Each structure stands twice: as C-alpha cells, then as structure tokens.
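Residue-level listing of the chains:
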Amino acid sequence: MKIYDGGKILVGLIIFIALFASPFYLNMGKAVAKPELKFDTPEIQQMEKETGKKQCVEPKEFMRAEHMQILNNWRDEVIRSGNRDEIVILGHKYDKSLQNGCMKCHSNKKDFCDKCHNYMAVQPYCWRCHIAPKEKQS
Amino acid sequence: MRILFSFFAVIALALIAYAGVKIANLQFLFGVVIPYIAIAIFILGFIYRVLKWGSSPVPFRIPTTCGQQESLSWIKQNKIENPSSASGVVIRMALEVLLFRSLFRNLKTQLKEGKLVYGEAKWLWLAGLAFHWSFLIIFVRHFRFFLQNTPSFIKTIEGLDSFLQVGVPLLYMTDIVLLGAVTYLFLRRVFIPQVNYISLAADYFPLFLILGIASSGVVMRYFYKVHIVGVKELAMGLVTLSPVIPQGVGVMFYIHLFLICTLLAYFPLSKLMHMGGVFLSPTRNMANNSRRARHINPWNYPVHIHTYEEYENDFREKMKKAGIPVEKE
C-alpha cells in the first residue's frame, strides 16, 4: 500500500498520538502515591480521649464530597445573615468558621487539606483571605 | 425513529454500566479492561483510517478557491484563500482547523416571493465552534487526572475556565457552553426540515453520546458526587499500567467512563473521524500551482508510444511511391 504524502501524514499521526497518549510516558518513573490524611492533631486526640471517638460535623463520606459546600453555606450564613450559631453534635461544640472551627481540629493543613488538593490539582481560594494555621515545616 | 433509536442506545449503554457495576460488581471489567480495549481500538483504528485515506492518490490540484489565484504581476493574488505556496496552505489549513473558515461561508437558501435568495447562516458555525473548543478545553482539563504532577498550563486553563467563581466546586464555563452547543446542534437536526431529512442515526448517536458524557460529568461534579481521589487513583493506575480499583468510587463515574469508552471505540468507525479527515481535505491542503508545477497522475499505466521513426519504418516504401518526403532513405 503506497501512502501519498506519507511523510507529512506520518508526522501528523505521530504528533497526534504523542499528545493523546502522553500520560502513558510522562508518568514513567514517577512514584504514584495516593494521599494519606492524618487525623492525629492534639485537638483530635483530646477529643478521642474525652468522647471515645473522632467525630466531625458530618460523616466522613459526606465531608469528603461536600466539605466545600458546607464551607460555602457557612460563609453565606455568617457573612450575609449574621448567623454565627455554633453547631453542637453529641455535646461537642463546633464554631461555624474555617479558621476557628475546621482548622481548630485540623490544624495540620499540610497533612490534611493540601494532601488531596495537591494530588487533584485543585486550587481552592480559601487562603486568599483566610490565614492558614502556623505549622512546622515538614 | 432515528432519534429514538440513538437516544435509547445511549440510555442502554448507561444502564449496562450501571447494572455491570452496581449489580454484577464488574468494576475491573468496566474500570480497566474496557478502557484499555477502547483506547487500543481508538489509536489503531485512527491510524488505519488515516493511512487508508493516504493511500488514495490525489493526482490533481483541486483549486476550489474563494480568491484570485496567482497570475500576472499586476493582478493581486489572494494568498490565503488561493495559496500557491506551502506557507499560504498552512495559514489556510489553520483557519480551517481552528476557526472553521469553510463553515463560516455557510449560506441559507430560501424561496421568497418566488425568487431564490441566499442569506447568512452563521449559527451552525458559532455553535460548532463553541462546541469543539469547549470539548477541547474539557479534554485538556481532564489531564489533571492522568498526570502525577499537573503541568501549570493545565491549572491555568482550569483557573480561566472557572474564572467566574460561581458556587463550589467552581462552575466551569465550558460545561455550560458545551451542553448548550450540543443541544443546539441536536435541535437544528430536529427543527430544520432539510437537515432533518438528511439526518441519520449515525448523526444523532454521537450527539446523544456526547450529551450523555457531558451530563454524567456535570452531575458527578456538581450534584451526585463521586470519590474523586479514587477516580484519580484509577486513572493513574491505567496510565502507569498498574491498574487498581479503589473502593467506593460511585457508579456515576463508571457510567461516565463507559460512555467515553464507547465514544473512543466508535470514533474510528464513524463520522467523528473528521478530526483526522479535516487535515486531509484535498480542496484545502493543496496549493493551487497547477500552472507552475507538473502533477503526474500516479495511476497512469505505461502506454506504448508509436514514434514517427517507427511509423516511417512501417510505411517507408509506400511513402516513397506516393512521393511523400521521408527522413531516412
């Protein structure tokens, strides 16, 4: 089978396949580690000691999928409606706040927030206004 | 009928994925085996189709042009619409591939008060352009699932796409544009009688398939969320050839993936091959130099030429008798 203008067609095909299949060779030799979150901050350990379990405002699966929605709703309630009521679950009080609520327990931003966000290349805009908790460089 | 057939074909595909994962627990089949098969069919089929086109000889330049061809020095040539050089062809092809130049010339033909009139018809061009560019941006954006360290240009594209910062997760503009454009492309096939008449199941099926892929993606991102870290684990497993099936990803993802696999496998068998075909359009990718360069028909077979010398050898005696001058005595 003779290919007319074979050179040009070949170059086009190679460029196309090189782009399409790039993940197959760009990831070669790179360790693929899935993110492991840490739930061992002093605040969480304290909570486990007092109540016997680690407990967030919603179950783990829900938080994993909807945490951004919760934060958005809290923002609307606090900033736009002035509703700062604490959330009480099983006698434990949670501030309706990113810095004073979420980050109080999850004070390990690098081992918590950033783990998945970096893995998924998500760039949430929380920290453009909020101040991230101080933590050791590790 | 053609519409319903295509519609229910896509619904059936989604149900197959749903049943396969939810009831039969065939995560490995739908998450690993079928994607690999689909990618193989796509790449090999694509190469086959392009090489098959390449094997057709294009013996002559086909100057279907929209501008003045190269001529006398005092006649101004339209170097892009009627190029005579390779660089002109490159510009013409770029306009064709990136901006759909030919479709921009689309006309509407109507009978008005007994007269045939032509009018502008840019909606198809606009919707087509919006659809293709959105699809490309969405495709490129998805590389964040397939690359361990997402390159910054992909993050930039994503940032621009979610620039309006509507809701969380941030709304992508391309999601809306794509859904709108595909819906328009479908509705025009339904409501424009001439287009409806020539539309086949092979026209409706890709539209519904893409609509299904986009909708499942939108549902999965904004409403019925899946375990997104698990999705990336699965995708990374595929591209590093060490497949894994993470737990609890969510069935919507498998529906999305199965519809994409269908699209990939269907691609080389269908009209979607215009993706490769546009580069091989003979009326667009050849310079109009028919007067300057000689183009030899590749299927010319050797013709025996009866030269004058041979003619004279055959008839020399008769020519002499008749008094006709001969070159050799």
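So, a few notes on the structure that sits alongside this text. Within any chain, residue numbers begin from 1 and follow the written order of that chain's sequence. Lettering for chains starts from A, numbering for ligands starts from 1, and both go in the order in which the items are written. Reporting in this predicted model follows two pLDDT cut-offs: at least 70 for local features of residues, and 80 or more for side-chain atom pairs to be given and counted; totals over whole chains, interfaces and linings ignore these cut-offs and use all residues. Side-chain figures throughout are based on the complete set of non-hydrogen atoms in the structure, without hydrogens or water.

Phe42(B), Phe46(B), Leu209(B) and Phe253(B) are the most contacted members of the largest nonpolar core, which totals 62 residues. Taken together, the elements giving at least two residues each to this core come down to α1 (6–20) of chain A together with α1 (2–23), α2 (27–54), α5 (123–141), α7 (173–191), α9 (201–223), α10 (228–239) and α11 (251–266) of chain B. Under the DSSP-based scheme used, a helix requires at least four consecutive residues in state H or I and a strand at least two consecutive residues in state E, with every element numbered from the N terminus. The element that contributes the greatest number of residues to this core is α11(B), accounting for 12 residues. Any pair of residues with heavy atoms lying within 4.5 Å of one another is described as a contacting pair. Other than its neighbours up to four places away in sequence, Leu209(B) contacts Val10(B), Leu13(B), Leu259(B), Thr262(B) and Leu263(B). If you look at the next biggest cluster of nonpolar residues, it comprises 7 residues, including Met63(A), Ile70(A), Trp74(A) and Ile89(A). Here, the term nonpolar core denotes a set of buried Ala, Val, Leu, Ile, Met, Phe, Trp, Tyr and Cys residues that are joined through side-chain atoms within 4.5 Å. Relative accessibility under 20% of the residue-type maximum defines a buried residue, over 50% an exposed one, and the middle range a partly exposed one, all with a 1.4 Å probe and only protein chains included.

Okay, the interface of chain B and chain A next. Each partner contributes residues to the interface: chain B has 45 residues there, and chain A has 35 residues. Summed over both partners, buried area is the accessible surface (1.4 Å probe) that two parts give up on being assembled. Counting each side, the surface lost to burial between chain B and chain A is near 3,500 Å², with a carbon and sulfur contribution of 71%. The largest share of the area that chain B buries against chain A comes from Gln148(B), Val168(B) and Lys225(B), three residues that together contribute 16% of it. Take a side-chain nitrogen of Lys or Arg and a carboxyl oxygen of Asp or Glu: if they are within 4 Å of each other, that pair is a salt bridge. There are 2 salt bridges connecting chain B and chain A. Between Lys225(B) and Glu66(A) there is a salt bridge, and its shortest N-O distance comes to 2.8 Å. Any pair of N or O atoms that falls within 3.5 Å is considered a polar contact. Within protein, one atom must be able to donate a hydrogen and the other to accept it, and sequence-neighbouring residues count only if both atoms are side-chain atoms. Joining chain B to chain A, the criterion identifies 7 residue pairs in polar contact (both at pLDDT 80 or more). Every element with two or more residues in the side of chain B that touches chain A is listed here: α2, α6 (152–161) and α10 of chain B. Here the side of chain B that touches chain A takes 9 residues from α2(B), the largest share from any one element. For the side of chain B that touches chain A, the per-class residue count stands at 28 nonpolar, 11 polar and 6 charged. Amino acid classes used here: Ala, Val, Leu, Ile, Met, Phe, Trp, Tyr, Cys and Pro are nonpolar; Asp, Glu, Lys and Arg are charged; the rest, including Gly, are polar.

Residue and element names in this part refer to chain B. Little of strand β1 (residues 107–112) is tucked away: 0 of the 6 residues are buried. At least two bridges found by DSSP between two strands are what make those strands a pair. Sheet topology places β1 next to strand β2 (residues 115–120); 6 bridges connect them, and they run antiparallel. Residue pairing across strands places Gln-110 opposite Val-117, the latter belonging to β2. Linkage of β1 to β2, two consecutive antiparallel strands, is achieved through a turn of 2 residues, within which Glu-113 is found at a positive phi near 50°.

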